[in-house]
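Structural features, examined
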Number of protein chains: 4
Amino acid sequence: MIVVMKAGAKPSEIEAVKEELIQLGLSVDESRGAAQTVLGVVGDAGLVDKERMAIRPGVERVVRVQEPFKRANRKFHPDDTIVKAGSLEVGGKALAVMAGPCSVESEEQVTAIAKAVKAAGASALRGGAFKPRTSPYAFQGMGIEGIRLLVEAKKATGLPIVSEMMSPHHLELFEDLVDVIQIGARNMQNFDLLKEVGASGKPVLLKRGLSSTIEEWLMSAEYIMAQGDSKVILCERGIRTFETYTRNTLDLSAIPVVKRLSHLPVIVDPSHASGQAALVEPLAMAAIAAGADGLIIEVHNNPACALCDGAQSINPDQFASLMERLSAVASVMGRTL
Amino acid sequence: MIVVMKAGAKPSEIEAVKEELIQLGLSVDESRGAAQTVLGVVGDAGLVDKERMAIRPGVERVVRVQEPFKRANRKFHPDDTIVKAGSLEVGGKALAVMAGPCSVESEEQVTAIAKAVKAAGASALRGGAFKPRTSPYAFQGMGIEGIRLLVEAKKATGLPIVSEMMSPHHLELFEDLVDVIQIGARNMQNFDLLKEVGASGKPVLLKRGLSSTIEEWLMSAEYIMAQGDSKVILCERGIRTFETYTRNTLDLSAIPVVKRLSHLPVIVDPSHASGQAALVEPLAMAAIAAGADGLIIEVHNNPACALCDGAQSINPDQFASLMERLSAVASVMGRTL
Amino acid sequence: MIVVMKAGAKPSEIEAVKEELIQLGLSVDESRGAAQTVLGVVGDAGLVDKERMAIRPGVERVVRVQEPFKRANRKFHPDDTIVKAGSLEVGGKALAVMAGPCSVESEEQVTAIAKAVKAAGASALRGGAFKPRTSPYAFQGMGIEGIRLLVEAKKATGLPIVSEMMSPHHLELFEDLVDVIQIGARNMQNFDLLKEVGASGKPVLLKRGLSSTIEEWLMSAEYIMAQGDSKVILCERGIRTFETYTRNTLDLSAIPVVKRLSHLPVIVDPSHASGQAALVEPLAMAAIAAGADGLIIEVHNNPACALCDGAQSINPDQFASLMERLSAVASVMGRTL
Amino acid sequence: MIVVMKAGAKPSEIEAVKEELIQLGLSVDESRGAAQTVLGVVGDAGLVDKERMAIRPGVERVVRVQEPFKRANRKFHPDDTIVKAGSLEVGGKALAVMAGPCSVESEEQVTAIAKAVKAAGASALRGGAFKPRTSPYAFQGMGIEGIRLLVEAKKATGLPIVSEMMSPHHLELFEDLVDVIQIGARNMQNFDLLKEVGASGKPVLLKRGLSSTIEEWLMSAEYIMAQGDSKVILCERGIRTFETYTRNTLDLSAIPVVKRLSHLPVIVDPSHASGQAALVEPLAMAAIAAGADGLIIEVHNNPACALCDGAQSINPDQFASLMERLSAVASVMGRTL
């Protein structure tokens with residue numbers, strides 16, 4: 001962090017700022033020019049409230065030089081992190097593809113889909129039991145029973161389970177039965193939930209919030225990691241813009257940006273981003289070409305009847321065909337599927 | 001809801017759609033034109049998944065005619081709702097002004113500020129004990145001790161307390177000690193929290209999410225009200241746009257829009273919206289002129305030392321002067337302060 | 001501008017950067033700390049390409065300290081600018097209200113509206129002759145004939161004319177017949193048009209672009225002023241966000257921000273911002289309470305028949321009633337109408 | 001277009017709406033249900049002002065069923081359009097890659113770059129002679145002399161020239177010397193410029209505006225095509241969002257959406273979208289995988305010295321390496337480079 005003092009700042013003002021920084025346990029590297037004094041802060045600048053410092057008497061501007069995230073930062077952890085959950089590995093040479101229905105609806109449904117996506121090469125089964133719906137009158141998911149059905153499908157296929165948790169009341173249930181706990185976009189800054197999930201030590205799939213910056217997203221990963229849990233998978237799922245043809249705008253530039261800033265693996269959800277089955281394939285292909293470590297895709301045996309989000313689901317045949325095309329792009333990228 | 005069938009839709013496709021609607025307990029008003037058939041849905045269209053219906057064979061487009069919120073809808077509740085919490089009334093002729101520090105820091109601090117804002121005419125004391133901070137390393141609030149200090153300040157002034165709750169684990173504490181439970185912008189779609197707060201029956205201050213549409217905001221109010229709790233105060237606090245001079249973009253057009261769509265009271269937070277103390281007065285004045293039912297304003301006795309958000313706090317003198325100016329605008333609007 | 005060198009920057013890298021700055025005619029104030037060197041740039045930092053400098057070897061970061069606009073900057077011109085065009089004055093104690101039809105349709109129409117808004121206290125007549133329409137098949141305005149009809153209405157009422165110019169081919173026509181040349185939101189960064197209008201020396205009403213930052217808006221004013229024309233009126237008309245209840249999101253925080261950054265007058269267009277007649281009054285009231293210097297409002301004698309934008313026009317009776325309410329807010333603000 | 005009448009609409013209101021539609025030369029397909037009447041509009045619904053119709057007495061809602069663009073619409077022109085300009089073909093099996101400096105700086109510079117990109121497989125030379133800069137004090141391009149230097153580079157390499165035109169005053173110059181006229185993002189809704197360029201019949205590269213919807217972008221193509229010019233190449237170059245790590249957010253979902261809605265070829269500009277050289281390769285790869293017909297990429301022999309936008313330029317060696325990687329993705333997509 002650098003504190004730029006005003007051209008006419010008084011020595012007493014400069015001293016006051018230095019003193020405050022030193023009291024926070026930081027060192028100050030003072031650079032006096034003919035016109036202006038600049039204070040370089042050495043130490044953990046995260047301790048300083050930038051906005052509050054900016055209104056101190058004599059301060060012209062405060063510039064943060066380093067990213068505010070540490071455990072998620074590639075600078076302090078240069079090697080790629082590989083998150084493992086049972087047979088699933090995310091972040092290595094092999095791409096991870098999580099597939100399954102938006103909502104768990106019945107044992108037949110989820111087991112049939114699980115078998116189909118497994119046959120096509122999926123590495124994990126996704127399925128919603130607790131659903132965040134905009135309307136309180138919409139189907140809210142099967143709840144605990146839904147988790148039980150996912151476990152049945154896991155028994156039948158061996159696929160690890162990824163499912164969204166919305167309430168800390170369900171933590172024990174998820175710890176026992178689910179392989180990767182998904183934190184949805186709407187809960188990306190539900191900090192209490194992040195802390196509790198982080199303390200559990202379980203692998204976490206952290207979706208980017210609809211209007212979250214990349215930095216905020218990494219700071220939410222940091223919340224989880226600050227509890228000691230380093231098994232975080234980031235998931236880009238589209239941000240909110242003025243465009244209305246697609247449900248959200250998939251921000252694929254976030255992939256190379258995150259790969260540079262962080263060592264955490266990052267995957268893409270083309271289904272929720274676009275809201276349209278016809279866009280899943282081109283966006284999935286583009287995600288892999290942009291360097292993503294994997295995908296999470298909605299697959300339903302009868303999309304027109306899906307209890308939620310049917311419009312964006314592809315069927316198992318389309319998924320199998322997509323996997324073949326993805327395999328070719330993966331190979332260009334030096335990855336395997 | 002209106003389902004527009006394609007020009008060449010087969011009778012069997014039309015029948016299938018009608019049957020599905022009827023099975024949901026709805027009536028269908030079929031309008032056959034020379035070229036096209038249009039189905040008008042009579043009943044609770046909220047039961048229909050619009051996106052799923054849109055991909056049914058033969059369907060051209062599905063148009064929702066009514067708003068998806070009911071309990072929050074002015075159509076079904078034409079009179080303004082007045083939310084009461086102790087001596088506080090929001091939504092009546094008198095404007096409500098909630099004021100206080102971003103964070104509770106000490107008994108001296110919060111009681112001194114409470115006395116000052118009370119003297120200037122504030123109708124409630126706001127103060128944060130549990131703070132949603134982007135960074136896990138930033139001050140997270142005093143927690144339960146902070147609530148206790150707010151209660152002391154309430155004893156000293158009689159001002160009802162407004163404070164943010166972030167976790168369902170604290171519900172009992174808030175039910176016992178706080179007058180209005182604030183749900184922050186980041187938790188606006190933390191649906192489990194909304195349900196629990198709604199079930200408590202306490203007055204709720206629901207902030208608009210940073211990238212939430214007005215409709216989503218009202219749907220979150222609906223989540224609370226669906227539990228039987230009708231004491232919801234809406235709070236506009238700025239939305240996220242590309243502009244960077246202000247922290248967020250205060251959307252004052254949301255005030256008249258919400259007043260038309262809903263019977264719930266709506267107030268404005270000029271402090272968080274702008275992030276700058278100098279903008280609090282002009283935005284507060286504009287909010288009242290746009291028809292807001294009140295304001296929530298950060299006041300600190302020493303903004304430069306505030307443990308969070310100091311840059312946007314005004315001091316008690318500035319608050320007193322603002323209240324005088326607001327009083328003049330209130331009078332133009334036929335309101336009192 | 002401040003150039004922060006990397007911790008391990010070589011002396012040769014530091015010298016190379018200094019030399020480049022000096023060659024641009026700037027002075028460099030070097031501040032060497034124990035860990036890091038910071039270069040303060042004295043002189044016109046606008047000459048430096050910040051992004052290019054940032055990729056020079058050894059450079060950590062480049063921080064612009066001053067705003068890039070000069071002629072529009074309040075720092076170099078502390079007093080408010082009052083723009084005069086005939087009897088119209090914008091930026092003084094009296095608020096300016098420009099009113100009239102979106103499109104000029106006939107002599108009867110425009111003269112009748114002009115008389116009505118004049119009677120209600122309007123200070124200028126607005127009317128579109130050249131219309132920027134999203135569709136090439138929509139009514140494009142009456143063109144030159146429309147300008148002629150505005151001149152007739154001016155003769156009948158004495159109201160100065162404000163009208164939008166879209167092509168440099170019409171500059172002579174506008175110089176001769178129009179009092180204030182309006183540059184529309186879509187042309188805010190049509191830099192060639194800005195230069196030509198600026199060279200004419202005419203008063204210019206510069207609308208903010210739909211996705212323009214406040215800084216870009218002021219830079220567009222700077223384009224006009226760099227040609228020697230200081231008669232620029234800024235107009236906030238809503239920015240593009242994800243919200244769909246209103247056509248655009250009126251950014252009223254831009255008013256106090258612009259007043260602080262610049263000496264130019266700033267007015268608000270509540271009609272285009274909201275796209276709805278019912279929102280014109282609350283937003284107009286709020287604009288004045290936020291400190292705007294005036295308004296530009298669409299008024300039509302028969303909004304349901306207006307050739308464009310009828311949905312957002314109010315009729316002359318509504319305008320007269322609005323002017324009375326505005327007068328009361330103006331008085332609170334120490335302004336007159 | 002469908003006009004939904006209110007449940008209690010009077011017969012006279014229904015008749016008035018029908019009459020208005022018929023007077024516009026349209027047929028009306030009336031569908032009377034028990035509760036509600038719906039009017040289906042047969043004919044060119046583009047003639048109806050949707051917002052104005054929506055405020056007619058008795059009207060509940062107006063729903064546009066068809067896209068407002070015609071000549072650009074794939075429905076009326078199912079086959080892909082291939083735009084040709086000299087040896088350049090955009091929209092066929094072979095991908096088109098336009099490469100060159102942001103700004104033309106000297107004959108040596110532009111010819112050297114042209115030779116290098118030609119050797120690496122580029123199909124056209126891009127280079128700016130007239131530059132749209134946010135600041136009036138920034139380098140505005142070499143102007144006419146810049147065009148002359150591009151012509152020299154074309155002579156030396158045979159590469160067709162793509163360059164941006166900002167003012168109608170330069171139309172003759174561009175008609176004579178440039179192969180593809182580029183319309184920049186800031187001029188996407190400079191409708192007068194679109195009309196003049198369209199009337200010239202030259203191939204046009206139309207960049208998407210920073211805050212333009214896909215529909216507005218296609219409507220701007222329609223402006224050009226309405227003049228008889230069907231040689232339009234669309235170019236996605238990033239939209240403006242709240243994210244600040246990248247200059248803009250590249251919207252790759254726009255590629256498959258545009259390919260479905262329109263027959264026009266669409267290319268991607270990863271350089272301007274991201275503003276960072278390091279992001280050019282991953283975004284270029286992703287663009288091709290998403291189905292783009294080509295790319296436009298900034299290449300400079302000395303990015304750190306580029307007179308504008310150096311930070312986003314790659315050098316000729318990086319370009320050659322990128323072309324090899326692109327070739328592999330192209331092959332997966334069934335395209336050639």
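Each value, and the rule that gives it
Residues numbered from 1 in each chain as written. Chains lettered and ligands numbered in written order. Predicted model: local features only at pLDDT ≥ 70, side-chain atom pairs only at ≥ 80, totals over all residues. Heavy atoms only, no water. Helix = DSSP H or I, 4+ residues; strand = E, 2+ residues; numbered from the N terminus. Contact = heavy atoms within 4.5 Å. Areas by Shrake-Rupley, 256 points an atom, 1.4 Å probe, with all protein chains shown as cover. Domains from an automatic or database assignment. Salt bridge = Lys/Arg side-chain N within 4 Å of Asp/Glu carboxyl O. Phe/Tyr/Trp six-rings, centres within 6.5 Å; stacked < 30°, edge-to-face > 60°. Buried < 20%, exposed > 50% of the residue type's maximum accessible area, 1.4 Å probe, protein only. Lys NZ or Arg CZ within 6 Å of the ring centre and 35° of its normal.

Per an unreviewed UniProt entry, chain A goes by the name 3-deoxy-7-phosphoheptulonate synthase and belongs to Gehongia tenuis.

Here we take up the overall build of chain A. A count of helices and strands for chain A gives 11 helices and 14 strands. In terms of overall dimensions, chain A has a C-alpha envelope of 75 × 45 × 35 Å along the principal axes. In chain A, 67% of the contacts between residues at least 6 apart in sequence involve partners at least 24 apart. Counting only carbon and sulfur atoms, one obtains 50% of the accessible surface of chain A, whose full area is about 10,800 Å².

A few words now on the domain arrangement of chain A. What the domain assignment reports for chain A is domain 1 (2-63) and domain 2 (74-332). Placing a centre on the C-alpha atoms of domain 1 of chain A and another on those of domain 2 of chain A gives a separation of 43 Å.

All names here are of chain A. Following the criterion strictly, the structure yields 73 salt bridges over all chains and no others. For Arg56, the salt bridge goes to Glu20, with nearest N and O atoms at 2.4 Å. Placement of the pair is Arg56 in the loop between helix 2 (50-54) and strand 4 (59-63) and Glu20 in helix 1 (residues 11-23), with a sequence separation of 36 residues. The salt bridge partner of Asp293 is Arg335, with a shortest N-O separation of 2.6 Å. Here Asp293, found in the loop between helix 10 (277-289) and strand 14 (294-298), pairs with Arg335, found in the segment after helix 11 (316-332); they are 42 residues apart in sequence, far enough to count as distant.

Time to look at the packing of aromatic side chains. In this structure the tally under the stated criterion is eight aromatic pairs over all chains. With centroids separated by 4.5 Å and ring planes inclined at 20°, the aromatic side chains of Phe191 of chain B and Tyr223 of chain B adopt a geometry described as stacked. On the criterion of sequence distance, the pair formed by Phe191 of chain B in helix 6 (residues 191-200) and Tyr223 of chain B in helix 7 (residues 214-225) is long-range, its members being 32 residues apart. By the burial criterion, Phe191 of chain B is buried, and Tyr223 of chain B matches it. With centroids separated by 5.9 Å and ring planes inclined at 40°, the aromatic side chains of Phe130 of chain C and Phe174 of chain C adopt a geometry described as tilted. Of this pair, Phe130 of chain C sits in the loop between strand 8 (124-126) and helix 4 (144-157) while Phe174 of chain C sits in helix 5 (residues 171-177), placing them 44 residues apart in sequence. This pair shows no difference in class: Phe130 of chain C is buried, exactly as Phe174 of chain C is. Between Arg240 of chain C and the ring centre of Phe242 of chain A, over which it is positioned, the NZ or CZ distance is 5.8 Å.

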